[in-house]
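# Notes for the structure review
One-letter residues, chain by chain:
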Amino acid sequence: MKKQKRDLHQRAYVRGYRAGMAGRSKGLSEQCHVTARPDWLAGWREGREDMWNGLTPVEGTFKAASFSQ
């Protein structure tokens, strides 16, 4: 199995980023695992900021995929 599929924190960040880019509520972080919630919220905040700055969802997806801890 690939490492990217096992990394809970990266997946949470990317999902939060996508939710932020889509304009969704940060209340969706409740669905995340408790230890990954801060990563989800960090991704959501960055996604919202990028959306406000005019970044397209496709560009944002590439940016989120390059996230590494």
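Below: a short report on this structure. (Residues numbered from 1 in each chain as written. Predicted model: local features only at pLDDT ≥ 70, side-chain atom pairs only at ≥ 80, totals over all residues. Heavy atoms only, no water.)

## Observations regarding the environment of Arg15
For clarity, the cut-off: Note on conventions: DSSP H or I runs of at least 4 residues are helices, E runs of at least 2 residues are strands, and numbering of each starts at the N terminus. Only protein chains enter the accessibility calculation, which uses a 1.4 Å probe; a residue whose area is less than 20% of its type maximum is buried, one above 50% is exposed, and one in between is partly exposed.
With respect to the helices and strands, the residue Arg15 is situated in helix α2 (residues 8–21). Looking at Arg15, the relative accessible area reads 54%, which means it is exposed. C-alpha of Arg15 to C-alpha of Leu41: the two residues are 26 residues apart in sequence and 9.5 Å apart in space.

## Quick notes on the nonpolar core
Keep this limit in mind: Note on terminology: a nonpolar core comprises buried Ala, Val, Leu, Ile, Met, Phe, Trp, Tyr and Cys residues joined through side-chain atoms within 4.5 Å. Here, residues are in contact when the closest pair of their heavy atoms is within 4.5 Å.
Of all hydrophobic cores here, the largest spans 6 residues; its members are Ala12, Ala19, Cys32, Ala36, Trp40 and Trp44. Apart from residues no more than four positions distant in its own chain, Ala12 is found in contact with Cys32, Ala36, Asp39 and Trp40.

## Remarks on the layout of surface pockets
Defined as follows: Only protein atoms enter the 1 Å grid used here. Points where a 1.4 Å probe fits but cannot escape make up a cavity, open sets with protein on both sides within 12 Å along at least five of seven lines make up a pocket, and a residue lines them when an atom lies within 4 Å of a point. Grid points are joined across faces, edges and corners, and a volume is the space filled by probe spheres set on the points. Each residue is assigned to one class: nonpolar for Ala, Val, Leu, Ile, Met, Phe, Trp, Tyr, Cys and Pro, charged for Asp, Glu, Lys and Arg, and polar for all the others, Gly among them.
Taken as a whole, the second largest pocket spans an internal volume of roughly 210 Å³. Broken down by element, the lining of the second largest pocket gets its largest block of residues, 5 residues, from α2. Tallied by class, the residues present in the lining of the second largest pocket amount to 6 nonpolar, 2 polar and 3 charged.

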